[in-house]
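Structural characterization, general
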Amino acid sequence: MIKIFLSISQLLLVVLLAPSVSWFIKKMKAASQNRTGPTLLQVYFDLLKLFQKGMVVSETASWIFHATPYALFGVTLVAAAMTPVVWPGSLVGFMGDAILFVYLLALGRFFLALAALDTGTTFGGMGSSREMTLSSLAEPALLLSFFALGYRTHTLSLEGMVSQLAQESPAQMLFFTSLAFGALLIVTLAESGRIPVDNPATHLELTMIHEAMILEYSGKYLALIEWSHQIKQLVFFTLLANLFFPWGMGQVLSIAGWGAGLMLYLFKVFFLAFVVGWIEIHSAKLRLFRVPDLLTIAFVLAILSLLSQLMIGR
Amino acid sequence: MELLFLTQIVLYFLGGISAFLFNRSEEAANRLTHLSAALAGLVGAFYSLAVLFSRKAFSLEYGGFLQTGHLSFTVDLLSAFFIFVISFLSIATSIFAIGYTREYQGRKRIPLLGFFYNLFLLAMILVVCVQNAFYFLIFWELMSLASYFLVVFEHEKREARRAGMLYLVMTHIGTSFIAAAFWLLFLHAGAFSFDAFRAHAATLPLVLKNAIFMCALIGFGTKAGVIPLHVWLPEAHPQAPSHVSALMSGVMIKTAIYAILRFLFGFLGEAQGWWGIVILSSAILSTLLGILYALMENDLKRLLAFSSIENMGIILLGLGMGVVFKSTGNSLYASFAITAALFHTLNHAAFKGLLFLASGSILSKTHTRNIEHLGGLIRRMPWTAALFLVGALSISALPPLNGFISEWMTFMALLLGFEGKGVGVRFFSPLLASLLGLAGALAATCFMKAFGICFLGAPRSQHTQEVCEVSESMKWGMGILAGSCFLFACSAPWMVGMLRNIPESLMGSVPSGMFARKAFLWSPSGVSQISPLGIGLVLLLVIPFTMVAIRLILGKQPLRLGPNWDCGLPGLSPRMQYTATGYSKPLRRIFSFLYQPTRRVELEDEGHEILRTAERFESKISHIFDDWIYKPASNLISTLSQKAKQIQTGHIQLYLAYIFITLILLLLFGSRL
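Residues numbered from 1 in each chain as written. Chains lettered and ligands numbered in written order. Predicted model: local features only at pLDDT ≥ 70, side-chain atom pairs only at ≥ 80, totals over all residues. Heavy atoms only, no water.

**Side note on the packing of aromatic side chains**
Residues and elements named next belong to chain B. Evaluated as defined, the whole model comprises 64 aromatic pairs over all chains. With a centroid separation of 5.9 Å and an interplanar angle of 85°, the aromatic rings of Phe5 and Tyr47 are classed as edge-to-face. Highlighted residues: Phe5 in helix H1 (residues 2-18) and Tyr47 in helix H2 (residues 26-54), separated in sequence by 42 residues. For Tyr47, a relative accessible area of 0% corresponds to the buried category. On the basis of an interplanar angle of 25° and a centroid distance of 5.4 Å, the ring pair of Phe96 and Tyr100 is categorised as stacked. One end of the pair, Phe96, and the other, Tyr100, are both in helix H3 (residues 77-100), four residues apart, so they sit about a helical turn from each other. We classify Phe96 as buried; its relative accessible area is 0%. The buried category is assigned to Tyr100, whose relative accessible area is 2%. Aromatic rings pair up to connect Phe136, Trp140, Phe182, Phe194, Phe197, Phe220, Phe263 and Phe267 into one cluster. The residue whose ring lies beneath Lys223 is Trp232, and the NZ or CZ to ring-centre distance is 5.9 Å. Taking the ring centre of Phe515 as reference, the NZ or CZ of Arg500 above it sits at 3.9 Å. (Phe/Tyr/Trp six-rings, centres within 6.5 Å; stacked < 30°, edge-to-face > 60°. Helix = DSSP H or I, 4+ residues; strand = E, 2+ residues; numbered from the N terminus. Buried < 20%, exposed > 50% of the residue type's maximum accessible area, 1.4 Å probe, protein only. Lys NZ or Arg CZ within 6 Å of the ring centre and 35° of its normal.)

**Regarding a positive patch on the surface**
A cluster of basic residues, Arg287 of chain A together with Lys585, Arg589 and Arg599 of chain B, forms a positive patch at the surface. Residue placement: Lys585 of chain B occurs in helix H24 (residues 585-590). Given the relative accessible area of 35%, Lys585 of chain B is considered partly exposed. (Patch = residues over 30% accessible without salt bridge, like charges linked within 9 Å, V, L, I, M, F, W, Y side chains within 5 Å. Areas by Shrake-Rupley, 256 points an atom, 1.4 Å probe, with all protein chains shown as cover. Salt bridge = Lys/Arg side-chain N within 4 Å of Asp/Glu carboxyl O. Lys, Arg positive; Asp, Glu negative; His and termini not counted. Charge placed at Lys NZ, Arg CZ, Asp CG, Glu CD.)

**Describing a nonpolar patch on the surface**
Residues and elements named next belong to chain A. On the surface, Leu264, Phe267, Phe271, Phe274 and Trp278 cluster together into a nonpolar patch covering about 530 Å² of accessible area. Here Trp278 shows up in helix H10 (residues 255-282). Here Trp278 falls in the partly exposed class, since its relative accessible area comes to 46%.

**Side note on helix H5 (residues 133-151) of chain B**
The terminal C-alpha atoms of H5 of chain B lie 26 Å apart, and with 19 residues this matches the ideal 27 Å at 1.5 Å per residue to within 8%. Counting buried positions over the 19 residues of H5 of chain B gives 14, a clear majority of the element. (Expected span 1.5 Å × (residues − 1).)

**Some points on the interface of chain B and chain A**
On the chain A side, the residues contacting the 74 residues of chain B number 74 residues. Contact between chain B and chain A buries roughly 6600 Å² in total, counting both sides, with carbon and sulfur atoms accounting for 74%. Broken down residue by residue, the surface that chain B buries against chain A is led by Met448, Asn564 and Tyr578 of chain B, which jointly contribute 9%. The interface formed by chain B and chain A includes zero salt bridges. Where chain B packs against chain A, one counts 22 residue pairs in polar contact (both at pLDDT 80 or more). No other element matches helix H18 (residues 423-455) of chain B, which puts 18 residues into the side of chain B that touches chain A. Two strands pair when backbone bridges link them, and strand E1 (residues 55-58) of chain A and strand E6 (residues 559-562) of chain B are joined in this way by four bridges, in the parallel orientation. Each bridged residue has a counterpart across the sheet, and for Val56 of chain A the counterpart in E6 of chain B is Arg560 of chain B. (Contact = heavy atoms within 4.5 Å. Buried area = accessible area lost by both parts, 1.4 Å probe. Polar contact = N/O pair within 3.5 Å; in protein donor to acceptor, adjacent residues only side chain to side chain. Pairing = 2+ DSSP bridges.)

Rendered as structure tokens:
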């Protein structure tokens with residue numbers, strides 16, 4: 001019973017915390033540009049405002065356009081519910097493994113890219129095409145870094161991997177998994193649409209990927225899509241934090257243990273947000289056709305991570 | 001059981017021949033021939049399932065008409081499985097055909113179509129249960145020829161005749177290799193019956209074994225459409241009537257998988273490790289190149305045909321891992337890998353059949369296969385659109401549909417390589433698994449393009465003007481397959497529990513290990529598990545829950561329809577939408593080393609310096625195997641034929657002289673022996 005309670009509360013935590021992680025990166029960028037930036041509550045107000053607005057829907061749109069925001073949000077929610085957050089367990093982790101996790105995200109993306117084509121605008125088609133292309137190339141790197149970790153832990157379930165890795169000595173584990181960390185970090189940048197892959201702050205047709213897909217959305221649909229994008233980003237940060245820095249997760253099922261785990265989790269996630277923000281500040285967006293090179297680097301890092309374990313031993 | 005088997009065969013005969021009696025009424029002929037095929041399919045599905053459940057094989061034997069042995073049929077578990085796949089898909093395609101064939105009425109001879117359709121199905125059923133190499137080859141040839149006549153059914157079209165010829169040539173090259181493999185087996189075993197092959201398998205010398213394996217792989221690989229032997233497949237499959245394309249892609253190429261399994265786990269004795277490596281290499285090549293070429297296609301049926309090559313690759317990945325494990329003596333893992341391959345065989349039949357039928361629906365209403373001319377069909381053909389979407393989701397291996405489940409099993413089969421012997425297996429198998437992930441993601445992109453450009457947006461041309469939804473029988477045909485995509489996914493643990501008996505029956509004793517328990521699928525190494533039913537239920541709960549919750553919290557909100565955002569420049573037209581060619585442009589550029597794309601832009605200005613009256617744009621990609629192997633080969637053959645022409649003068653005296661010289665040479669040769 002307490003497990004279910006903990007799992008639900010950590011799912012709620014991810015859902016509610018997601019916008020503030022985006023805020024943190026925005027604030028960092030603002031600070032680096034000598035701007036004040038939004039306050040923390042502003043991101044939540046933005047979502048609230050969007051939810052209350054009426055919608056303008058394209059005349060060409062079909063039911064796919066209306067179904068997508070809900071489907072995307074639902075699927076992202078299920079993916080988040082599979083992820084161990086504060087303690088190494090999750091609500092629906094029994095249902096499947098890392099492969100299912102990857103394909104659930106792919107399902108959400110499939111609907112979003114369909115909706116982008118649904119309105120029949122050039123922007124939508126462009127965003128849809130770019131998103132599908134880049135995410136196809138990110139997928140092998142993502143899967144292979146999971147496989148490299150799976151080889152180490154003898155399991156592919158996210159819960160199992162986290163709790164196995166938590167038991168290893170930090171130095172030894174990081175020696176073997178740091179390469180996979182690099183691979184997953186690059187994939188995280190691509191999947192959450194951050195510089196150097198995509199620029200979330202611009203609406204310039206030359207650079208847009210994610211924003212181009214959702215250009216026709218407004219009101220509560222836009223709110224749902226933005227929110228699920230933020231949740232997806234936080235889920236990736238959470239995975240990075242828990243797979244590569246799994247220490248101090250609330251192993252004990254107690255309020256105190258949970259509280260300590262929560263504090264550590266917040267620290268880890270915001271630290272990763274800081275890293276991503278730092279990369280965003282210090283690099284320029286890559287040209288679209290340079291992004292595959294970056295994703296290839298991620299793939300090679302994942303290969304090396306697996307190979308190093310095979311050669312030196314787990 | 002025997003009775004049902006015979007009933008099925010008789011029904012195919014009746015269906016094939018009786019249609020000719022109704023030469024006057026084409027509709028009656030159409031209904032009769034296809035309903036009888038559907039009924040035969042039902043009978044076949046019934047008795048094959050009974051065999052699979054009861055695990056009791058049955059056989060039939062007819063006296064030796066010839067010296068080549070008895071004509072005997074045995075429906076064991078493996079045969080029953082393939083009979084089930086063929087029968088199951090043929091139920092749907094036959095029902096679909098009733099509506100689809102109406103398009104040909106008055107134009108073509110329906111009874112002829114019905115005859116070859118039934119003959120084709122009959123030949124496939126017989127191929128997968130006959131127990132004698134001699135008759136196997138006869139039925140194999142019958143299957144190839146029946147499908148050839150179906151490919152050239154619209155023989156007034158030049159491309160259909162060309163495709164048919166290519167198919168005929170390639171399939172006979174394949175058959176000659178198969179015949180060679182059987183001949184080598186006959187030399188060793190001294191008889192044509194499969195039982196004799198199996199009895200002598202253990203004493204097969206290594207050299208002979210390797211030679212037979214290579215012959216069988218090339219021969220059956222040609223039928224399976226494995227790269228680089230695939231060249232006929234994307235030409236021939238699209239030319240046949242769509243319900244036949246569904247059968248060709250869905251089951252005909254699978255008969256090759258059946259035969260390869262018979263060879264590897266029966267006739268050839270102990271497997272060699274390098275066989276697995278050969279199979280795996282051609283499998284990954286087919287998987288990646290198949291989907292990469294599918295991505296570049298704008299012809300809907302050709303796109304589906306290329307994607308069949310990809311899926312044969314996925315099936316062979318499972319099969320190849322099975323051979324690798326068998327050669328190292330790990331029969332538990334081998335049986336898991338084979339089970340994964342078999343399950344994907346079934347699932348591919350369901351979703352590829354569905355997609356071909358749906359593309360047939362589009363074709364019958366719009367009369368074009370070029371997706372650049374379509375668009376906005378979701379409003380005119382809502383049922384076809386929804387059913388195509390189910391197929392597209394399934395083939396893209398997205399949960400909770402059946403494509404995901406069998407792809408997951410293939411992932412697990414590859415990841416079992418972690419426990420394999422040697423660093424090579426441990427390194428390459430996860431690498432192959434990640435490439436399978438790449439193929440899955442590319443498939444999603446490919447079918448996004450196919451669905452999005454055909455069904456979404458605004459109509460791009462006149463073709464979509466007078467389109468309406470297809471007839472009931474076509475909807476039902478597709479609906480059966482779409483329903484089974486869900487059914488196979490949810491019942492996967494039970495299906496797998498049944499399918500695992502097949503590799504076990506082939507390999508003899510297999511140590512027990514868990515593949516499936518209750519509603520869960522397991523990897524036998526215990527690495528991972530999934531619950532297909534759980535995924536389905538959770539998604540089914542969460543998505544509507546989100547919808548209802550948001551409606552309840554926010555209440556009814558104003559919704560206004562408006563035109564698309566045009567950046568302030570009014571006058572958007574449907575022609576400004578993204579095209580299919582444009583959609584795949586990023587990938588064409590990223591993989592340009594493979595595609596070698598060429599393009600030509602012509603501007604016509606009619607004397608004006610600035611004003612251009614017309615522009616022509618042409619973009620082409622090259623298919624490396626066509627350019628490197630097949631074109632040089634066909635050029636060589638035509639050069640040689642030109643040379644050979646010189647001795648053909650057309651004078652009868654000269655030919656008599658040739659015959660005379662040949663006779664003398666033969667006599668000399670004979671007397672020396």
